[in-house]
Amino acid sequence: MNHEYRTHEVTSDQLVDHPWYLDWLAAVQQGFHDAAASEELAAHQLSIDAAHRAVMRGVWDTSPRPRALPASIPVATFSEWKGTLNVGGALIDCHQISDVTVRASHRRQGIARNLMQDSLTQARGRGLAVAALTATEATIYGRFGFGAAVFEDEIELRVGSGFAVQTPVTGTCEYLDLAELPSTARVVFDEFHATQTGSVSRSDPAMGVYTQQINGETRKPDPKTRAVGHWDDEGRLDGYATWRAVPKDEAIQVLDFVPTNPAASVALWSFLASLDLVRRIRFRRARNDEHLPWAINDRRRYIIKQHGDLLWLRILDPAACLTARNYYADGSLTLRVVDSMSIADGTWRLDVSDGRATCTPTDATPEVEVDVAALGSTLLGGVNIHALATVGHVRGHAEAIDRLGILLRRRREPWCITPF
Ligand SMILES: CC(C)(COP(=O)(O)OP(=O)(O)OC[C@H]1O[C@@H](n2cnc3c(N)ncnc32)[C@H](O)[C@@H]1OP(=O)(O)O)[C@@H](O)C(=O)NCCC(=O)NCCS
């Protein structure tokens, strides 16, 4: 088989400027077992890719068998763009990766590995410090240096008779005007993103898919979506949630939940629990250190159905990542990062004082050695470093690993509500 690797940049939201786009999208839809893209989906997805100024990689088989899929449809796809990630106290540019597919007939020939190696190496060359993705399978990306960093719980809250929020509920909730939802969501999400460690940016055209005002599969407006906002006691809008009713289950499905502070979050939950004809509230992306069970009269009404990983991080530049985030403890450590793809290896002296770090390359003997995927998992403070040390992904004296763990720890766990 002859494989041709090509890279295209999405420079506008006009199909005429991107004659390869529909075939490329067809390969993505096939890779994820989705229906062929409708005109609406293709046009809307192109507007998102144009807003991201995304780079689409593809691999084309230049000599397909007669009657097989035509040569114009790539056998592999891979997209990437620059977004921002909240690393704790700061937003940094982030190399976002999505649409990774290899046609079943062309697997295990190193295509995904080649695409990933090129993408990560070039991103590092452009000065990007971290790459991120959300994964359909947990078995794929560890070998490329990605570590699961942000987790989520799928939950059900049993409300109705006997349910009560005991923590004082402040501010006011009101239904939002859906005509204004895109701009409302923009303002509130931007504040969430600026303050929530683990959050990943959303572009304007993608916002309707995240609020689910626009159906993700058809890209048509969804008439069943409702939205509520929360205003604090000073009258400032500081949170919103969107949901859809599931009448047969006397349930609502929360679609997007964007509180910019814990008081807004408790008030939004309290409002949703007060809706008529609702006994269950379901949500796929609850934070995994959620405070709600501590705010209600019966914590067993908050049921975790499934625990999952959402955001995987791949450190490209350890020093840039470690100096970008903030810290809650002071300390020093000599740290070696081991990277089998030779992108992020090195040894640094990490000095943290007054919440900021300096990272200086050194030839000194490292006190702690971390695999690059383990550093990705712990950068945002969402994983206990001793769990990684127990299975050999972090190595060193227990006291030195303790020191690193204390440095990386955050007050709350990271949270991300933006799959991509
Ligand atoms: C996952 C996928 C992209 C891999 O493509 P590929 O070209 O076959 O991968 P490569 O040949 O480059 O193999 C790279 C490595 O990953 C391994 N691998 C590939 N797919 C894997 C899978 N689904 N689970 C576990 N390991 C996998 C290979 O064995 C190989 O391991 P090695 O480097 O240690 O030898 C492809 O199987 C696919 O398209 N799957 C369906 C869509 C999907 O799940 N995409 C991921 C979206 S998050």
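Predicted model only: the values in this text are computed from it and were never measured. (Residues numbered from 1 in each chain as written. Predicted model: local features only at pLDDT ≥ 70, side-chain atom pairs only at ≥ 80, totals over all residues. Heavy atoms only, no water.)

**Concerning the domain arrangement of the protein chain**
Note the threshold: For the domains described, the bounds stem from an automatic or database domain assignment. Should any heavy atoms of two residues lie within 4.5 Å, those residues are counted as being in contact. Here the quantity called buried area is the total loss of accessible area, with a 1.4 Å probe, experienced by two parts when brought into contact, counted for both. A carboxyl oxygen of Asp or Glu within 4 Å of a side-chain nitrogen of Lys or Arg is what we treat as a salt bridge. A 3.5 Å cut-off defines polar contacts: any pair of N or O atoms within that distance qualifies, except that in protein one atom must be a possible hydrogen donor and the other a possible acceptor, and neighbouring residues in sequence count only when both atoms are side-chain atoms.
Domain annotation of the protein chain identifies domain 1 (3–128), domain 2 (160–278) and domain 3 (317–408). Taking the mean C-alpha position of each, domain 1 and domain 3 sit 32 Å from one another. The interface is formed by 11 residues belonging to domain 1 together with eight residues belonging to domain 3. Interface area, domain 1 with domain 3, both sides summed: about 900 Å², of which 64% is carbon and sulfur. Contact with domain 3 buries surface across domain 1, with Val87, Gln117 and Arg124 losing the most and accounting together for 47% of the total. Our count for the domain 1 to domain 3 interface comes out at one salt bridge. Arg124 is the partner of Asp317 in a salt bridge, and the nearest nitrogen-oxygen pair spans 3.7 Å. Linking domain 1 with domain 3 are one residue pair in polar contact (both at pLDDT 80 or more), by the criterion used here.

**What about the pattern of salt bridges?**
Heads up, the condition is: Helix and strand definitions follow DSSP, with helices as H or I runs of at least four residues and strands as E runs of at least two, each counted in order from the N terminus.
A full pass over the atoms with the stated rule returns 30 salt bridges. Here Glu156 and Lys305 are joined by a salt bridge, their closest N and O atoms 4.0 Å apart. Note that Glu156 is positioned in strand β6 (residues 147–158) and Lys305 in strand β12 (residues 302–315), a separation of 149 residues in sequence. Residue Asp339 pairs with Arg314 through a salt bridge whose shortest N-O separation is 2.8 Å. With Asp339 in the loop between β13 (331–338) and β14 (346–353) and Arg314 in strand β12, this pair connects stretches of sequence that are 25 residues apart.

**As for the sheet that holds strand β15 (residues 356–361)**
The condition is simple: Any two strands are treated as partners once DSSP identifies two or more bridges connecting them. To obtain an axis, a line is fitted to C-alpha atoms, over the contacting stretch when the element is a helix, and the angle between two such axes runs from 0 to 180 degrees between their N-to-C directions.
Pairing is mixed across the open sheet formed by five strands, whose spatial order is β15-β14-β13-β16-β17. Pairing within the sheet leaves two strands with one partner each, and these edge strands are β15 and β17 (394–396). Sheet twist, expressed as the mean angle between neighbouring strand axes with direction ignored, is 25°. Direction of pairing for β14 relative to β15: antiparallel, over a ladder of six bridges. Looking at the pairing, Leu350 lines up with Cys359 of β15. Across the sheet, helix α11 (residues 398–408) touches β13, β14, β16 (368–371) and β17, and the angle it forms with β13 is around 100°.

**What about the pairing of β12?**
Looking at chain direction, strand β5 (residues 130–133) and β12 are connected through four bridges and run antiparallel. In the sheet register, Val130 faces β12, and the bridge partner there is Ile315. Note that β6 and β12 share 10 bridges and pair antiparallel. Its bridge partner lying in β12, Glu156 is registered against Ile303.

**Quick notes on the packing of helix α4 (residues 181–195) against helix α5 (residues 204–211)**
For clarity, the threshold we go by: For classification purposes, an angle smaller than 35 degrees is called roughly parallel, one larger than 145 roughly antiparallel, one from 65 to 115 roughly perpendicular, and anything else oblique. Gly is put with the polar residues, along with every residue not named as nonpolar or charged; the nonpolar set is Ala, Val, Leu, Ile, Met, Phe, Trp, Tyr, Cys and Pro, and the charged set is Asp, Glu, Lys and Arg.
Where α4 meets α5, the axes come as close as 10 Å, and the angle between the chain directions of the two elements is 95°. Here α4 lies roughly perpendicular to α5, going by the angle between them. Contacts between α4 and α5 involve Leu181, Pro182, Ala185, Arg186 and Phe189 from the former and Asp204, Met207 and Thr211 from the latter. Of the residues belonging to the contact of α4 with α5, the class tally is five nonpolar, one polar and two charged.

**Side note on the sheet that holds strand β4 (residues 91–102)**
Spatial ordering of the open sheet is given by β1-β2-β3-β4-β5-β12-β6-β11-β10-β9-β8-β7, a layout of 12 strands whose pairing is mixed. The outermost strands of the open sheet, each flanked by one partner alone, are β1 (3–9) and β7 (172–175). Averaged over neighbouring strand pairs, the angle between their axes works out to 25° when direction is ignored. Pairing analysis gives four bridges linking strand β10 (residues 251–259) to strand β11 (residues 280–287), with the strands arranged parallel. Bridge pairing in β11 places Gln253 opposite Arg282. Docked against the sheet, α4 engages β3 (76–86), β4, β8 (226–231), β9 (237–246) and β10, running at close to 120° with respect to β9. Its contacts with the sheet place α5 against β9 and β10, and it is angled at close to 145° to β10.

**Considerations on the side chain of Asp256**
Tracing the sequence through the fold places Asp256 in strand β10. Within polar-contact distance, the side chain of Asp256 engages the side chain of Tyr240 at 2.7 Å. In contact with Asp256, not counting residues within four places along its chain, are Arg202, Tyr210, Thr211, Tyr240, Ala241, Thr242 and Ile417.

**Examining the layout of surface pockets**
To be explicit about the condition: Detection works on a 1 Å grid of protein atoms alone, calling trapped sets that fit a 1.4 Å probe cavities and calling open sets with protein on both sides within 12 Å along at least five of seven lines pockets, with lining residues defined by an atom within 4 Å of a point. Grid points are joined across faces, edges and corners, and a volume is the space filled by probe spheres set on the points.
In this structure, the second largest pocket spans a volume of roughly 420 Å³. Around the second largest pocket, the lining comprises 25 residues; the ones closest to its centre are Thr195, Gln196, Thr197, Arg287 and Arg412. Of all elements in the fold, only α4, β10 and α6 (262–273) reach the threshold of two or more residues within the lining of the second largest pocket. Per element, the largest residue contribution to the lining of the second largest pocket is three residues, and it comes from α4. Within the lining of the second largest pocket, the residues separate by chemical class into eight nonpolar, 11 polar and six charged. Each of domain 1 (3–128) and domain 2 (160–278) contributes no fewer than three residues to the lining of the second largest pocket.

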